[in-house]
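Spelled out from the first residue to the last, the chains are:
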Amino acid sequence: MRLTLAASVILLATTQPGLADPCKEKFAQLLIHGNGPHPVTIRITTEPKGGKVSRNDFFFKATGHWMTVMTEPSNQPITLAYNNKMYTSADKGKSWKKVREMDSEKNRLDTIRNQEENAKTIKNATCGEEMLDGVAHDTVEADFDTVQQYKSSNHYKYWVNRESGWITKVTYDSKSAGYESFTTQLLEKTPDLKLPMPE
């Protein structure tokens, strides 16, 4: 009897129109959690409307331990987070200057909460499939709004490796008051990543 009742509940949940959208739910999970807390190198290209293209490499080892290196323009300081402190280096990492204290775990949780709020605005979710560098990927894209202080309307698209579940590529098309940009991120697993650890 219990099995029959459970089966009926599941069937009802999956057949009621508008109750659940698997594609929308998948997009929400990608938006909120991304690839998770795995060491990763991200090559980022940002193309602002009417502005200069910029490129940077973002290296993430663990929560609160990451580094951003501008590659275009290349004359910008390196930014590093480590042990709840933010540092900058103007000499390509030979020396570090502490900028401020930070609460990395709070920042992580705040980001998750913000994306959970943003996910409530998801619409026009679409799922598909594409080959990327000869590898089969599932694609997930949708529109949503950023509802926090810097409000924007966005269209994100994710390429997810079908075998590993790893997000290999993301594009962000964002529009806010007086600013529009298109950003491409290429994500690579780097389990042996080593980053500076200033004393």
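These notes cover the structure that comes with them. Fair warning: this is a prediction, and the values are worked out from it, not measured in the lab.

Basis of the calculations
Residues numbered from 1 in each chain as written. Predicted model: local features only at pLDDT ≥ 70, side-chain atom pairs only at ≥ 80, totals over all residues. Heavy atoms only, no water. Disulfide = S-S within 2.5 Å. Helix = DSSP H or I, 4+ residues; strand = E, 2+ residues; numbered from the N terminus. Buried < 20%, exposed > 50% of the residue type's maximum accessible area, 1.4 Å probe, protein only. Core = buried A, V, L, I, M, F, W, Y, C linked by side-chain atoms within 4.5 Å. Contact = heavy atoms within 4.5 Å. Phe/Tyr/Trp six-rings, centres within 6.5 Å; stacked < 30°, edge-to-face > 60°. Lys NZ or Arg CZ within 6 Å of the ring centre and 35° of its normal. Axes fitted to C-alpha atoms, helices over the stretch in contact; angles between N-to-C directions. Parallel < 35°, antiparallel > 145°, perpendicular 65-115°, else oblique. Left-handed = near helix turned anticlockwise from the far one by under 90°. Nonpolar A, V, L, I, M, F, W, Y, C, P; charged D, E, K, R; others polar. Pairing = 2+ DSSP bridges.

1. Notes on the state of the cysteines
Okay, step 1: Here the structure, examined in full by the defined rule, presents one disulfide.
Okay, step 2: With its sulfur 2.2 Å from that of its partner, Cys23 forms a disulfide with Cys127. Here the S-S torsion is close to 110 degrees, and the disulfide linking Cys23 with Cys127 is therefore right-handed. Taken together, the residues Cys23 in helix 2 (residues 22-33) and Cys127 in strand 7 (residues 123-132) connect sequence positions 104 residues apart.
Okay, step 3: Classification of Cys23 as buried rests on a relative accessible area of 11%.
Okay, step 4: Residue classification places Cys127 among the partly exposed residues on the basis of a relative accessible area of 42%.

2. Some details on the nonpolar core
Okay, step 1: With 28 residues, the main nonpolar core has Phe27, Leu31, Ile122, Tyr156, Tyr158, Ile167 and Leu187 as its most contacted residues.
Okay, step 2: Listed by contribution, the elements that provide at least two residues to this core are helix 2, strand 1 (40-48), helix 3 (104-119), strand 8 (135-146), strand 9 (152-161) and strand 10 (167-176).
Okay, step 3: Ranked by the residues each element gives to this core, the list is headed by helix 2, at six residues.
Okay, step 4: Excluding residues within four positions of it along the chain, Tyr156 makes contact with Phe27, Leu31, Val140, Glu141, Ala142, Phe144, Thr171, Tyr172, Asp173 and Ser174.
Okay, step 5: The next biggest cluster of nonpolar side chains, apart from the first, holds seven residues, and it includes Phe59, Tyr87, Leu193 and Leu195.

3. Comments concerning the packing of aromatic side chains
The relative placement of two aromatic rings is captured by the distance of their centres and the angle of their planes.
Okay, step 1: Counted according to the given criterion, the structure contains six aromatic pairs.
Okay, step 2: Relative to Tyr156, the ring of Phe144 lies with its centre 4.7 Å away and its plane at 90 degrees, an arrangement referred to as edge-to-face. You can see Phe144 sitting in strand 8 and its partner Tyr156 sitting in strand 9, a full twelve residues away along the chain.
Okay, step 3: By relative accessible area, which is 13% here, Tyr156 ends up buried.
Okay, step 4: Ring geometry for Tyr156 versus Tyr172: centroids 4.1 Å apart, planes at 40 degrees, classification tilted. Separated by 16 residues along the polypeptide, Tyr156 in strand 9 and Tyr172 in strand 10 bring together distant segments of the chain.
Okay, step 5: These aromatic residues form a ring-pair network of at least three members: Phe27, Phe144, Tyr156, Tyr158 and Tyr172.
Okay, step 6: When the ring centre of Trp159 is taken as origin, the NZ or CZ atom of Lys169, which lies over that ring, is 4.6 Å away.

4. So, the packing of helix 2 against helix 3
Okay, step 1: It is at 8 Å that the axes of helix 2 and helix 3 come closest, and there the two elements cross at 155 degrees. Relative to helix 3, the element helix 2 is oriented roughly antiparallel. As helix 2 runs across helix 3, the sense of the crossing is right-handed. In this structure, helix 2 uses Ala28, Leu31 and Ile32 to contact helix 3, whose residues at the interface are Ile112, Gln115, Glu116 and Ala119.
Okay, step 2: Grouping the amino acids of the contact of helix 2 with helix 3 by side-chain chemistry returns five nonpolar, one polar and one charged.

5. Concerning the pairing of strand 8
Within a regular strand, side chains alternate between the sheet's two faces.
Okay, step 1: Bridge count for strand 7 against strand 8 is eight bridges, and the pairing is antiparallel. Looking at strand 8, one finds that Glu130 is bridged to His137.
Okay, step 2: Here strand 7 folds back onto strand 8, and the loop between the two strands holds two residues, one of which, Asp133, carries a positive phi near 55 degrees.
Okay, step 3: Two elements, strand 8 and strand 9, share ten bridges in a ladder whose sense is antiparallel. Counted as the bridge partner of Asp138 is Val160 from strand 9.
Okay, step 4: Linking two consecutive strands that pair antiparallel, namely strand 8 and strand 9, is a turn of five residues.

What is shown is where atoms sit, not what they do.
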